[in-house]
Amino acid sequence: MRASIDFQFCVLCTLIVASLAVPVISPKARFPSNADQSLPNGTSWIDCDENETRILHFTAVTSEPSVVHTGEKQVVTKFGVAAADVPALTVTYRQLYHLPLLDRWVEFIHISVDLCRERSGLCPIRAGPFSTAEQHPPVNPLSPHGLYRSLQTFHDPRGTLLGCVRIDVPYVP
């Protein structure tokens, strides 16, 4: 546990130092992304599971605000269609930061969460249209500005992949 905390601290320090060497990213800047769905002002998303037999198909993702400024809260809403009933759901979140100088993504959080336990009323997801909203507190003011990516993979209790969504969100002063 101690090694994991030390590693996360080192990653945070690296991100802070890297951000000092990079100019502040404008809210209207074009960000590197393979996303084929764009929201206003730079936030983008894709349904990253191309397997047609998947259970969860994401049809839209909204972010309010679409560009997160220092001190702002954010609400991310995901819309989709479930091809079958989903009685239980686990999500693995991988949070990444883009280092523009190196054109590389650095992962700083990797965590799995039982969504049915975390969010009462979410499960079971019935076949058909669904939506879920997540409210995020303001980003830590010491976090570097730039582009953040959230890669979210959804699994059943056996570990079978049900769906995937990737969301890129700019964080600016």
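Structure: above.
Sequence positions are assigned chain by chain, starting from 1 and proceeding in written order. Side-chain atom pairs in this predicted model are given and counted only at pLDDT of 80 or more, local residue features only at pLDDT of at least 70, and totals for whole chains, interfaces and linings cover all residues. As a rule here, side-chain values cover all heavy atoms of the structure and leave hydrogens and water aside.

1. Describing the state of the cysteines
As used here, a disulfide is simply a covalent bond connecting the sulfur atoms of two cysteines.
Line of reasoning, step 1. Cysteine sulfur atoms that pair up within 2.5 Å are treated as a disulfide. Counted according to the given criterion, the structure contains two disulfides.
Line of reasoning, step 2. Ordering the disulfide-forming cysteines of the chain by sequence position, one finds them joined as 1-4, 2-3.

2. Comments concerning the sheet that holds strand S8 (residues 128–136)
Line of reasoning, step 1. Being paired, for any two strands, means DSSP has found at least two bridges between them. Starting at the N terminus, helices and strands are each numbered in turn, a helix being any DSSP run of H or I of at least four residues and a strand any DSSP run of E of at least two. The sheet built from three strands is open, its strands ordered S3-S5-S8 with antiparallel pairing. Each edge of the open sheet carries a strand with a single partner, namely strand S3 (56–64) and S8. When the angles between neighbouring strand axes are averaged without regard to direction, this sheet yields 15°.
Line of reasoning, step 2. As paired elements, S3 and strand S5 (residues 74–82) share eight bridges and run antiparallel to each other. Following the sheet pairing, Val61 is matched in S5 by Lys78. To define axes, lines are fitted to C-alpha atoms, for helices over the stretch in contact only, and angles between the resulting N-to-C directions are given on a 0 to 180 degree scale.

3. Remarks on the pairing of strand S10 (residues 161–172)
Line of reasoning, step 1. Exposure classes here rest on a 1.4 Å probe applied to the protein chains alone. A residue is buried below 20% of its type maximum, exposed above 50%, and partly exposed in between. In terms of burial, S10 is largely enclosed, as eleven of its twelve residues are buried.
Line of reasoning, step 2. One ladder, built from four bridges, connects strand S2 (residues 44–47) with S10; its direction is antiparallel. Paired with Ser44 across the strands is Asp168, a residue of S10.
Line of reasoning, step 3. Note that strand S4 (residues 68–69) and S10 share two bridges and pair parallel.

4. Some thoughts on unusual backbone geometry
Line of reasoning, step 1. For the bond running from Glu64 to Pro65, omega is 0°, close enough to zero to count as cis.
Line of reasoning, step 2. Position of Pro65 relative to the elements: it lies in the loop between S3 and S4.
Line of reasoning, step 3. The residue after Cys123, namely Pro124, is reached through a cis peptide bond having omega 0°.
Line of reasoning, step 4. With phi around 50°, Asp103 is a residue other than glycine that occupies positive phi space.

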